[in-house]
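# Coordinates in review
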Amino acid sequence: MAVAKASLLFEGFRLSKLFPTTQNSSSSINLTKVLNADAVYTKLPPRVQTARQQERDSISLLNDRIRREHSKRDQSIPLRPAMDSEEADKYIQLVKEQQQRGLQKLKTDRAKQGAPHDSAQPTFSYKVDPYTLRSGDYVVHRKVGIGRFVGIKFDVPKDSKEPIEYVFIEYADGMAKLPVKQASRLLYRYNLPNETKRPRTLSKLSDTSAWERRRMKGKVAVQKMVVDLMELYLHRLKQKRPPYPKTSAMAEFASQFPFEPTPDQKQAFLDVERDLTERENPMDRLICGDVGFGKTEVALRAIFCVVSAGKQAMVLAPTIVLAKQHFDVVSERFSRYPNIRVGLLSRFQTKSEKEEYLSVIKDGHVDIMVGTHSLLGNRVEYNNLGLLVVDEEQRFGVKQKEKIASFKTSVDVLTLSATPIPRTLYLALTGFRDASLISTPPPERIPIRTHLSAYSKDKVISAIKHELDRGGRVFYVLPRIKGLEDVMEFLEQAFPHVEIAIAHGKQYSKQLEETMERFARGDIRILVCTNIVESGLDIQNANTIIIQDVQHFGLAQLYQLRGRVGRADKEAHAHLFYPDKSLISDHALERLAALEECCELGQGFQLAERDMAIRGFGNIFGEQQTGDVGNVGIDLFFEMLFESLSKVDEHRVISVPYHGMKLDININPHLPSEYINNLENPMQIINGAEKAAEKDIFSLMQFTENLRRQYGKEPYSMEILLKKLYVRRMAADLGITSIYASGKMVGMKTNMSKKVFKLITDSATSDVHQNSLIFEDGQIKAELLLELPKEQLLIWIFQCLSELYSSLPTLIKY
């Protein structure tokens, strides 16, 4: 505290040197007299900027910080939802109920897998069982930091004769031991966002403060992420659309399904129907189920519900192969309804074909549009879009995913996936999205036999011969286009009388389409291809797949590729070949072992969780969070995430009206006459500043920057006035109702809670303000070592609030 006060004293002295209080008051205007005048700020005419360049002062730095923070946000999230406190309470309660259902689902699944959990514990635990650790594994001790697990050994404690088991952990400056029972409450595995498990450094036993800073940084990152998710979710809950009518035509359409639905399918049908016909908020539901388990039928019924009500539907697929299959399925299923028009848009179409489709989409002359990411282009304008169906979301790039996210606040969205990306998985399970899991296989389906071994030509020939002898067809998959020709040459020599063809994404669309159709008909018996066949191909008589250089594929990819076979009642085989175990990383071996273990039908969901544990953070959130999670490891990060989710209603800041915020520091800055003469309309400009501050912080930032562009850097008195407006604006946004000074003490009365204050100060980057502020009796207080002149006091308050304001992204704001 003494250091902080000394810093404040030095700061006050420095400010007094930089900003002397004597001002030229001759021919000046008292600005406080015109602040309440009723004038509207209009854009000033362009003017040549003065030679004096804009300085990098504290206002500019604050503007840059706010803008930089905003640019990190998911741009599909509204900047500041207009929602009153009562409305926010209702929606936050809905979110919490969803979260509890999701967390309970997670706990139940973990319990089925034999993972320990405490049923009385409100949040989900990612702590590691010390007995499952291997020597050399990296672990995180919640209070000490990152270390290397050495082993578990018996040792006799000082105050006892009975030996007990201890966990031994190596840190940067020594070895630590802790009882196994204590370790099980405080230890987590350390996984990084990439393929390596090695941390940058090990923590020090002698300096836990460094680890505490890292942990706090991770906690703040988690809180920001939760706030972004909450604001997106609350914004979506605010959107209203009339429920779709529940008609007899829907039942008639459903009766055309030629199979008996499984119990999981029936539940998914019911979930989606309720979303569309009973809710007023746009649907955002994940349908997770293995290939061939009936996800497409769920989507078709949703499409029928929306389209029969006069709205358009978009079906988005990651590849032209899958888009074409969806187009064929949709066209066939809706062939009985001549009034419902179906179209296909992809990059392979001619310019004139695309232009024609763009026109009919905009005019509303097509009801169901199927396509690849071409449908996400800026030129695609829908007449009345009601539903977006996204197949295999994980196959799209970052920009496409952002575009998809932008739809979610206004239209109903249905996402289909066999192995959902972990981001989707966890959002579904923690309440921000609804999920329907189809894990029951159709009665006729038989599990796929998975064989993992080192590559040999004899094994390949034997596997292919077995399939050809029973009249089937074979997929032969490589990770890259390079090498396809070599494999085809080898196969042509081994099977000279068998029709073989190549398929990859760089082929012309007609050629690719023709190859796929010939393979589906049986004219081609062996298809040598890339992972372009990963999604969508449904070929009943193709029941063997060979995947070469399997170490180059992700777990979700391998699961999808394996799902290309086994679509009929014959036993299917998936042969996974690797070159040499010595060339494969530990992570790749873990992936392959997981795939072998998940051989039962309907395990795509469990596999996504395994993928999460193996890959670490992967592409769950953005790059910013990926960097933050590296500080603490994935498991502790997610435990902090669930803790934050369970306390989301405690981390709210309720802003106050701008004019309801009282600044009890009497400052009357005067503007120099030379600056007044330079201004085109001083009264209008000053009133414009007040109007901008009254609106929001971004309007005030824009006003200040426009003023400086047109008239150059303002004099000190104008800077004081602007800072006064910034102080009132920031204070109002932070829920501070009044600011006053009493001697050397600065007080800020506020409606925030002590927990919110702690989160704000934990997030602050300045140790000076972090350590000098205290919270008591509903006030934020700071005691200075000397009584500052009013203008310097205002500057200190401005800097203090700038620090507190930078924490706003970690808080729910209403």
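Residues numbered from 1 in each chain as written. Predicted model: local features only at pLDDT ≥ 70, side-chain atom pairs only at ≥ 80, totals over all residues. Heavy atoms only, no water.

As named in an unreviewed UniProt entry, the chain is ATP-dependent DNA helicase At3g02060, chloroplastic, taken from Anisodus tanguticus.

## Some details on the packing of helix 23 (residues 697-711) against helix 24 (residues 716-733)
Packed helices, taken two at a time, are described by the angle their axes make and the gap between the axes. Stated formally: For every element, the axis is a line fit to its C-alpha atoms; helices are fit only across the contacting stretch, and the angle between N-to-C directions ranges from 0 to 180 degrees. A run of DSSP states H or I qualifies as a helix once it reaches four residues; a run of E qualifies as a strand once it reaches two. Both are numbered from the N-terminal end. The cut-offs work like this: below 35 degrees is roughly parallel, past 145 is roughly antiparallel, 65 to 115 is roughly perpendicular, and the gaps in between are oblique. Note: crossing handedness is left-handed where the near helix turns anticlockwise from the far helix by less than a right angle, and right-handed where it turns clockwise. For this analysis, residues touch if any pair of their heavy atoms sits within 4.5 Å.
Running from N to C, helix 23 and helix 24 point in directions that differ by 165°, and their axes come no closer than 10 Å. With respect to helix 24, the element helix 23 is oriented roughly antiparallel. As for the relative orientation of helix 23 and helix 24, their crossing is left-handed in sense. Contact residues: Ile697, Leu700, Met701, Phe703, Thr704 and Leu707 in helix 23; Met718, Leu722, Leu725, Tyr726, Arg729, Met730 and Asp733 in helix 24.

## So, the nonpolar core
Our working definition: In this description, a nonpolar core means a group of buried Ala, Val, Leu, Ile, Met, Phe, Trp, Tyr and Cys residues linked to one another through side-chain atoms lying within 4.5 Å. Relative accessibility under 20% of the residue-type maximum defines a buried residue, over 50% an exposed one, and the middle range a partly exposed one, all with a 1.4 Å probe and only protein chains included.
Of all hydrophobic cores here, the largest spans 64 residues; its most connected members are Tyr726, Ile739, Met748, Trp796, Ile797 and Leu801. Every residue in contact with Ile797, bar those within four places of it in the chain, is listed here: Ile665, Val727, Ile739, Val746 and Met748. Within the second largest apolar cluster, 36 residues are counted, among which are Ala302, Ile303, Val306 and Ile438.

## Thoughts on the sheet that holds strand 2 (residues 138-141)
For clarity, the cut-off: By definition, two strands form a pair when at least two bridges between them are found by DSSP.
Spatially, the five strands line up as an open sheet ordered 5-4-3-2-6, and their pairing is antiparallel. On the outer flanks of this sheet lie strand 5 (174-179) and strand 6 (187-189), each paired with one strand and no other. Adjacent strand axes in the sheet meet at a mean angle of 45°, parallel and antiparallel pairs treated alike. The sheet contact formed by strand 2 and strand 3 (residues 145-155) spans four bridges and is antiparallel.

## Here's the deal with the packing of aromatic side chains
Stated precisely, the cut-off is as follows: Side-chain rings of Phe, Tyr and Trp (the six-membered ring for Trp) are treated as a pair once their centres are within 6.5 Å; stacked means planes under 30 degrees apart, edge-to-face means over 60, and tilted covers the remaining angles. For a Lys NZ or an Arg CZ to count as sitting over a ring, it must be within 6 Å of the ring centre and within 35 degrees of the ring normal.
Evaluated as defined, the whole model comprises 12 aromatic pairs. Taken together through their ring pairs, the aromatic side chains of Phe253, Phe304, Phe334 and Tyr337 make up a single cluster. Note that Arg301 overlies the ring of Phe269, its terminal NZ or CZ placed 3.6 Å from the centroid. It is Arg333 that lies over the ring of Phe253; its NZ or CZ is 4.2 Å from the centre.

## Some points on the pattern of salt bridges
Using the following cut-off: Any Lys or Arg side-chain nitrogen found within 4 Å of a carboxyl oxygen on Asp or Glu counts as a salt bridge.
Following the criterion strictly, the structure yields 34 salt bridges and no others. In this structure, Lys266 and Glu260 form a salt bridge, with 3.6 Å as the shortest nitrogen-oxygen distance. Here the salt bridges share partners, and the residues they tie into one network are Asp57, Arg708, Lys713, Glu714, Glu719 and Lys723.

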